[in-house]
Amino acid sequence: MRNRGSYDAVVVGGGVVGLCCAWRIAQRGGQVVVLDSAEPPAGATRVAAGMLAPVGELAFGEPELLQMTLAAAEAYPAFVEELEAASGMGSGYERCGALHVALDRDEAAELRRVHELQRSLGLGAEWLPPRRCRELEPGLTPSFNGGVHAPEEAAIDPRRMAAALLAALEAEGVEVRSGVDVGEAILDGERLSGVRVASGEEIRADSVILAAGAWAGTVSWLPESARPPVRPVKGQIVELRAVDGEAPCERIVASERVYLVPRPDGRLIVGATTEERGFDATVTAGGVHELLREAYRLLPDVAEMELVEATASLRPGTPDNLPLIGPSALDGLVLACGHYRNGILLAPLTGDTVATLLADPAASLQSLGRSPGKRRFVARGAG
């Protein structure tokens, strides 16, 4: 048995990435506690659209990210089934497909360029003329230049997903503490062996998991040399609701400037701006206007929907858009941050990877998300 206040892992961050890490560690027999200054779900999780769309989000020059997101999407249905069974709650997961529409000739040229890359990689996407697009989504604007249909894309409701994760953690006996600020690192020589919170309590652990989202690069309690290269990237989104309870599209619908994600209950998520504004998370009239204007250009029926709320969040960006997952420069610190636009998609894969590395430090990161296995923690006496 461990002493009170001593754990296998402390997870700093209560978004879905941190919650997935904690759940997978606990499932393998690890003693874990989650800390966050806010009430989970924290950070970008609260306002994420929940697109699980590696094909549509494909970008040139990012083969490693594509490999990671495709593996994550393939594993997602099994993760959802397991999570819903463990929690007794739904997550809003739906394999609805996605339709990416070109509204003018310039957008069509760029979309065809992306589609050629999709085809060259053997991804499931098909170019459709306007008539075929309207057969899928009759509410589309009358004039556009075709689109790409990716039928295997999916979406999930991040808030419902987080609620299910919290219920699953409770069933595993995991303590999730909100309103807790980490004050300083506990260092034993060159090793991080826990954290001291603002109240003065020491929480010691074999590993500290940094899942602090956009704040991961600026946490003052870590030595400057150990802080990862993560910066905040602001994103504003708008939530609409259909008066009749039915969203005006059945699948994810996107243009070059906006994406629309329907929810089963008739809500529609419109996102998202991309702004380099530091830690400014204010909602602006200009941001909301831009989103609503572009949504109307794509799907005119949005004009009749109720405006529920407009929110902003900070995505955790990295220099190469790749997440930081695994051991860090500081012994005892494990990174689970920097997921940028793919946090919801990559959260389960990240949780699997981190839990595997903690249970078996010799595990190779090359197996990221493919075969994490079920290695378990070995019970030890208190250290």
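The structure presented is a predicted model; accordingly, all values stated were derived computationally and were not measured.

Asks: What's the story with the overall build of the protein chain in this structure? I'm lost.
Replies: In terms of helices and strands, the protein chain carries 7 helices and 18 strands. Taken against the 2.2 N^0.38 rule, which gives 21 Å for 383 residues, the C-alpha radius of gyration of the protein chain at 21 Å falls within 12% of a compact globule. Here the C-alpha coordinates of the protein chain stretch approximately 70 × 40 × 40 Å along the principal axes. The buried share of the protein chain, taken over its 383 residues, is 56%. For the protein chain, restricting intrachain contacts to residue pairs at least 6 apart in sequence, the fraction spanning at least 24 positions comes to 72%. Accessible area of the protein chain: about 16600 Å², with a carbon and sulfur share of 48%. For the protein chain, the centre of its 37 positive side-chain charges and the centre of its 52 negative side-chain charges are spaced 2 Å apart.

Asks: Please explain unusual backbone geometry as it appears in this structure.
Replies: Leaving glycine out, the prevailing phi sign among residues is negative, and the prevailing peptide bond configuration is trans. Following proline 40, the chain continues into proline 41 via a peptide bond in cis, with omega recorded as 5 degrees. Considering the arrangement of structural elements, one finds proline 41 in the loop between strand S2 (32-35) and strand S3 (51-52). Residue alanine 272 is reached from glycine 271 by a cis peptide bond, and omega for that bond is -20 degrees. Structurally, alanine 272 is set in the loop between strand S15 (267-271) and helix H6 (285-298). At asparagine 321, a position not held by glycine, the phi torsion is positive, near 70 degrees. Within the element layout of this structure, asparagine 321 appears in the loop between strand S16 (306-317) and strand S17 (324-327).

Asks: Teacher, can you tell me more about the pairing of strand S11 (residues 202-210) here?
Replies: The side chains of a regular strand alternate between the sheet's two faces. Bridging between strand S1 (residues 6-12) and S11 involves 6 bridges; their strand directions are parallel. Residue pairing in the sheet places alanine 9 in a bridge with serine 207 of S11. Summarising the sheet, strand S10 (residues 191-197) and S11 pair through 3 bridges and their orientation is antiparallel. When the sheet's bridge partners are listed, glycine 194 is paired in S11 with arginine 204.

Reading guide: rules and limits
- Residues numbered from 1 in each chain as written.
- Predicted model: local features only at pLDDT ≥ 70, side-chain atom pairs only at ≥ 80, totals over all residues.
- Heavy atoms only, no water.
- Helix = DSSP H or I, 4+ residues; strand = E, 2+ residues; numbered from the N terminus.
- Rg over C-alpha atoms; globule rule 2.2 N^0.38 Å.
- Buried < 20%, exposed > 50% of the residue type's maximum accessible area, 1.4 Å probe, protein only.
- Contact = heavy atoms within 4.5 Å.
- Areas by Shrake-Rupley, 256 points an atom, 1.4 Å probe, with all protein chains shown as cover.
- Lys, Arg positive; Asp, Glu negative; His and termini not counted.
- Charge placed at Lys NZ, Arg CZ, Asp CG, Glu CD.
- Pairing = 2+ DSSP bridges.

Note that all results are geometric; they support no functional claim without further evidence.
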